[in-house]
Amino acid sequence: MQRFTELMRNLSSANRAESARASIIAYLDVAPEEDATWAVYLLTQFHGPRWLSMAQLRAWVAAETGLPDWLIAACHRSIRDECAALSLMLPEPAASQCLGLRQIMEERVLPLSDLPVDGQESLIRQTWRELPAEQRHWFNRWLTRRWRKPRHQSTLIACLAERWDVSEAALASRLLQPWTPQQRSLTSLMQECQGDQAMPGLMRPMPFQEVLLWPEAEPLELLGDCADWLCLEHWHGPRMQLIRLRDHVVGWTEQGAWLIDLPDEIQRPAKKLPEGSILLGTMTAWNRDQSLPVDPARMRVEPAFDVQADMKPKPRSRQARTSSWVYMVHDLLALEQQDLCDQPLATRRALLDQCLGSIGETAGLRHSRIVPLREWREAEAYLEQARGSGLAALRLLSLPAASLPTPAGTRDWLLRLPALRFRGVLMQAHAVNGSNRGKIERLSLGVWQNAQLVPAAHVAPDLPAEDLSMIAQFVRENTVERFGPVCVLKPQLVFEFACDAVVPSRRHKAGFQLLRPRLVRYCVDAEPNSAHHVAQLTEQMIPVNAAKETPLRPRVERGLFDEM
Amino acid sequence: MPLLTWTERGLYCPRGDFYIDPIKKVAQAVITHAHSDHARRGSKSYLCSRAGAGLLRHRLGQEISLQTLPYGESLKVGEVALSLYPAGHVLGSSQVRIEHRGEVWVVSSDYKRQTDPTCAAFEPLRCHTFITESTFGLPVYRWPDPSHVLEEIHRWWSANRNQGLTSVLQVYSLGKAQRLLAQLNPSHGPIAVHPNIMALLPAYRAEGVAFPPLISLADADVIRVRGQGMVLAPPGIKSGILDSLKPLAFGSASGWMHGAADQRGQPMGFVLSDHADWPGLLQTVHETGAESIGVMHGFVATLVRYLTEQGVHAWPVVARAG
């Protein structure tokens, strides 16, 4: 465990891939295999359940140290990281027991799920007495599901691949699949990878082609003849490649997350696709022939967990049961392990039609519809008409061009719905903690309802530097109340903000949620009274049943291939 | 009348008519040590320990009116007997002991209980009233053994050298830098220091503190340090003078590195402080046997409340002002 702690410390402070690489190699050189297996698992897969609440942990630290609650709270305020604070409060062990990483995970962490609360307390307090503070810190994180994987996963994969002489692709593919250190040792995992290398055409995700937003002010006629363009519907949701590999189907999102456990409605038909296919499309929530407006940046995804065999999948919530996921396919990037990226788009579309035709009409895997255009203004009219349907944009693909590799000038454009623009009053500013402490991270804008401001949009302060410094000064001088990093401000400044859609929501005070809200400008001379009213925003609301808001929660592995 | 009272100019002894570490210009200032938040310019006359005189003159100027007092010797100032004792914080740092008709007050100022080869070790003094600092007055602050920290620093240095990186350790210029320099092993590689740190070394050498061979960052041959050496620089210096030594690996040695185990992208942290930690503060309060404890600097309210709940008469020094 001491070695793992040192590795974590080195990885946290490593500002270059070479430093991270040296730390990983040094760790693998000295760590016993059983510990190294757990380390690889922790650094790539582990999320773990929440075995304990922080309140429980605080209570047990109080019992262990005899410190009063107010002093424990004061320590938390000072250190900010509660897991670290609780670890540091405990006295150092007289003599460290040198517990191994495997020993801690298999004998101190995993057994907790089978123990009653008294047993958990006794085991945890016993472990605290045996570990030094830095090791207690990681132990506490595992217990309370506050474990954050460090960066440099790709460096780890590169180091492992070099050490065992396996290809990075094979190793990445193996690590992608669920595995646990109890089932496989690092050596057996690597042997499986070496076996994988013998398989022809091992699949990896393809790079995503860059898509540019068409500037709202520019006329579409600049693109030339509309007959040279294919116009596809583009739905709200994360852009994702659907990979049919061996006996399973996985998703690779544009944000760099692996979706291992895809919803059944997508997984079932996708398994009928030919082996080694890669589809490109958008994963969207769907209800009664209508796409729900899911903002990919805000989509809630539950982290993967597979450390314990007896872990049961979380039952779907009532709200989630009312909607389903649909994968809207745009393109076919590979078929039967053959890269199609150098083929013309028309050929790929024909093969895609053939592919989807062979598996029959399914609810979860759908062809993204082609919008026939005779002239460009029809595109704008189509978008305006489709605002209520949950359509996010139209995607324009140059017909003669190949999709990949990306040509020098991009040929894909996204024609978004014209933004809805409103004015709101600055209500709250969220300051940043940590090294950028004091900077404004987020602004909350409110609109009027019965002479009171109601929060309507939470936006990043994407403004010119002079406006930002003005806001920072305003925050310093006009904060009326503070809640941690949140400063409640006097309602004086007015901003214009934009969004793609207004969606009904029961969880928001205003009764709606804005899709992709963003700041447009600071309205210098505007009075707070000139801000919009809730009623004006609700007029623009997409009529969606509130019960459909929460999308399903697929398991996701984030950051495994961050640097790919 | 209390022997010490808080005024707008700082901690004042009415019976001796002097201030301890005044925050404004005064006629007579007793300076506990040469850090800038304790030693300020502009007072008419200064008194400090003999060991701290060099540093104080360096900080405040050679022309100041300065009287020195060896540790343990007593000086009659007004109606009180004043004596200075080692605080173990930096070279020449002192506790101020004031005695009047059998009543003894001690002002610890900044102090630490760990060993430091560059200054005399802290001596607990029996007194009636003890005024303590509380910079790290929370139970989360418990310092590791400094010898282990030093080993960690050397390991980090070696690892960086193996990767061809220059190690840059960010430390306070006065105190921490010299404490580390006196203990760094030059066999690991050449050691360079920032000119601000270099300028303080003669005062230490004059008091018999030995340092390994050092190169100033302003010297032309500092290039020898590149890729293998250790550089000690004040916090905040990340480029400019260091550019010729790139690639760099940054580290930081401070008590505030405690609890920074997984702060991503931050320099490598080494927990090394020149202040007393929580157990050190409580141990000192106990060893002085004081009936009354004044608390200043840092987590004042927390330490006062904790001591009060433990049955000790404790009070915040500044809150008593006026």
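This text follows the structure it describes.
What you see is a predicted model; the values in this text were computed from it and never measured.

(A) The arrangement of the pairing of strand β19 (residues 494–499) of chain A in detail. All names here are of chain A. Along β19, six of the six residues are buried, which leaves the element largely enclosed by surrounding structure. Residue alternation in β19 divides its side chains into two sets, Val494, Glu496 and Ala498 and Phe495, Phe497 and Cys499, and both sets are buried. Summarising the sheet, strand β14 (residues 420–431) and β19 pair through six bridges and their orientation is antiparallel. Looking at β19, one finds that Val425 is bridged to Val494.

(B) Layout of the environment of B:Trp6. All names here are of chain B. Among the secondary structure elements, Trp6 is positioned in strand β1 (residues 5–7). Residue Trp6 is classed as buried on the basis of its relative accessible area, which comes to 18%. Separated by 312 residues in sequence, Trp6 and Val318 have C-alpha atoms that sit 6.2 Å apart.

(C) Highlighting the environment of A:Val326. Residues and elements named next belong to chain A. As for its position among the elements, Val326 is in strand β9 (residues 324–335). Owing to a relative accessible area of 1%, Val326 belongs among the buried residues under this scheme. For the pair formed by Val326 and Ile266, sequence separation is 60 residues and the distance between their alpha carbons is 6.6 Å. Discounting residues that sit within four places of it in the chain, Val326 has contacts with Ile266, Thr282, Met283, Thr284, Trp286, Ala363, Gly364 and Arg366.

(D) Here's a closer look at the pattern of salt bridges. All names here are of chain A. All chains considered together, the criterion is met by 32 salt bridges over all chains. Linking Arg125 and Glu64 is a salt bridge whose minimum nitrogen-to-oxygen distance equals 2.5 Å. Within this pair, whereas Arg125 is found in helix α8 (residues 117–130), its partner Glu64 is found in helix α4 (residues 54–65), the two being separated by 61 residues in sequence. Per residue, the accessibility class of Arg125 equals that of Glu64, and both read buried. Here Glu64 and Arg129 are joined by a salt bridge, their closest N and O atoms 2.7 Å apart. Here Glu64, found in helix α4, pairs with Arg129, found in helix α8; they are 65 residues apart in sequence, far enough to count as distant. Residues joined in a network through salt bridges with shared partners are Glu34, Arg102, Glu106 and Glu107.

(E) Molecular detail of unusual backbone geometry. Backbone torsion omega between B:Lys246 and B:Pro247 reads 5°, so that peptide bond is classified as cis. Mapped onto the elements, B:Pro247 comes out in the loop between β15 (230–233) and β16 (248–253). For A:Arg145, which is not a glycine, the phi torsion comes out positive at approximately 55°. With respect to the helices and strands, A:Arg145 occurs in the loop between α9 (133–143) and α10 (153–164). Even without being glycine, B:Arg101 reaches a positive phi, approximately 50°. Here B:Arg101 shows up in the loop between β9 (94–100) and β10 (103–109).

(F) Representation of helix α2 (residues 17–30) of chain A. The end-to-end C-alpha distance of α2(A) is 20 Å, a good match for the 20 Å that 14 residues give at a rise of 1.5 Å each. Where α2(A) is buried, its residues meet α1 (2–13), α3 (33–44), α7 (101–109) and α10 of chain A.

(G) Representation of the pairing of strand β12 (residues 391–398) of chain A. Residue and element names in this part refer to chain A. Burial analysis of β12 places eight of its eight residues in the buried class, the great majority of the element. Pairing between strand β2 (residues 229–235) and β12: seven bridges, direction antiparallel. Residue pairing in the sheet places His234 in a bridge with Ala393 of β12. Bridging between β12 and strand β13 (residues 412–416) involves five bridges; their strand directions are antiparallel. Note that in β13 the partner of Leu396 across the bridge is Trp413.

(H) How the structure looks around the interface of chain B and chain A. With 27 residues of chain B at the contact, the number on the chain A side is 33 residues. With both chains or domains summed, chain B and chain A bury close to 2500 Å², and 58% of this area falls on carbon and sulfur atoms. Inspection of the region where chain B meets chain A yields two salt bridges. Among the salt bridges present, the one from A:Glu6 reaches B:Arg155, with a minimum N-O distance of 3.9 Å. Taken together, the links from chain B to chain A amount to four residue pairs in polar contact (both at pLDDT 80 or more).

(I) Main features of the sheet that holds strand β2 (residues 10–13) of chain B. Residues and elements named next belong to chain B. Pairing within the open sheet is mixed, and its six strands lie in the order β1-β2-β3-β4-β5-β6. If you trace the sheet from one side to the other, it starts and ends with β1 and β6 (66–69), each paired once. Put simply, the sheet's adjacent strands are angled 35° from each other on average, direction ignored. Helix α1 (residues 53–60) contacts β5 (45–49) and β6 of the sheet and is inclined by roughly 145° relative to β5.

(J) Geometry of the environment of A:Leu453. All names here are of chain A. Along the polypeptide, Leu453 turns up in strand β16 (residues 452–459). Exposure remark for Leu453: the relative accessible area of 18% places this residue in the buried category. Between the C-alpha atom of Leu453 and that of Ala510, which follows or precedes it by 57 residues, the distance is 9.5 Å. Setting aside anything within four residues of it in sequence, one finds Leu453 in contact with Val425, Met427, Gly446, Val447, Trp448 and Pro491.

(K) Seen up close, the nonpolar core. With 98 residues, the main nonpolar core has A:Phe4, A:Leu101 and A:Trp142 as its most contacted residues. A per-element tally of this core places α3(A) first, with seven residues. Every residue in contact with A:Trp142, bar those within four places of it in the chain, is listed here: A:Met1, A:Phe4, A:Leu42, A:Phe46, A:Pro49, A:Trp51, A:Leu101, A:Ile104, A:Met105, A:Val109 and A:Trp147. Counting 48 residues, the second largest nonpolar core, distinct from the first, contains B:Val171, B:Val193, B:Leu232 and B:Ala253.

(L) Quick peek at the side chain of B:Ser254. Residue and element names in this part refer to chain B. Position of Ser254 among the secondary structure elements: in the loop between β16 and β17 (268–270). A polar atom in the side chain of Ser254 sits 3.0 Å from the backbone nitrogen of Trp256. Excluding anything up to four places from it in sequence, Ser254 contacts Tyr172, Lys176, Phe270, Val271 and Leu272.

About the criteria used
Residues numbered from 1 in each chain as written. Chains lettered and ligands numbered in written order. Predicted model: local features only at pLDDT ≥ 70, side-chain atom pairs only at ≥ 80, totals over all residues. Heavy atoms only, no water. Buried < 20%, exposed > 50% of the residue type's maximum accessible area, 1.4 Å probe, protein only. Helix = DSSP H or I, 4+ residues; strand = E, 2+ residues; numbered from the N terminus. Pairing = 2+ DSSP bridges. Contact = heavy atoms within 4.5 Å. Salt bridge = Lys/Arg side-chain N within 4 Å of Asp/Glu carboxyl O. Expected span 1.5 Å × (residues − 1). Buried area = accessible area lost by both parts, 1.4 Å probe. Polar contact = N/O pair within 3.5 Å; in protein donor to acceptor, adjacent residues only side chain to side chain. Axes fitted to C-alpha atoms, helices over the stretch in contact; angles between N-to-C directions. Core = buried A, V, L, I, M, F, W, Y, C linked by side-chain atoms within 4.5 Å.

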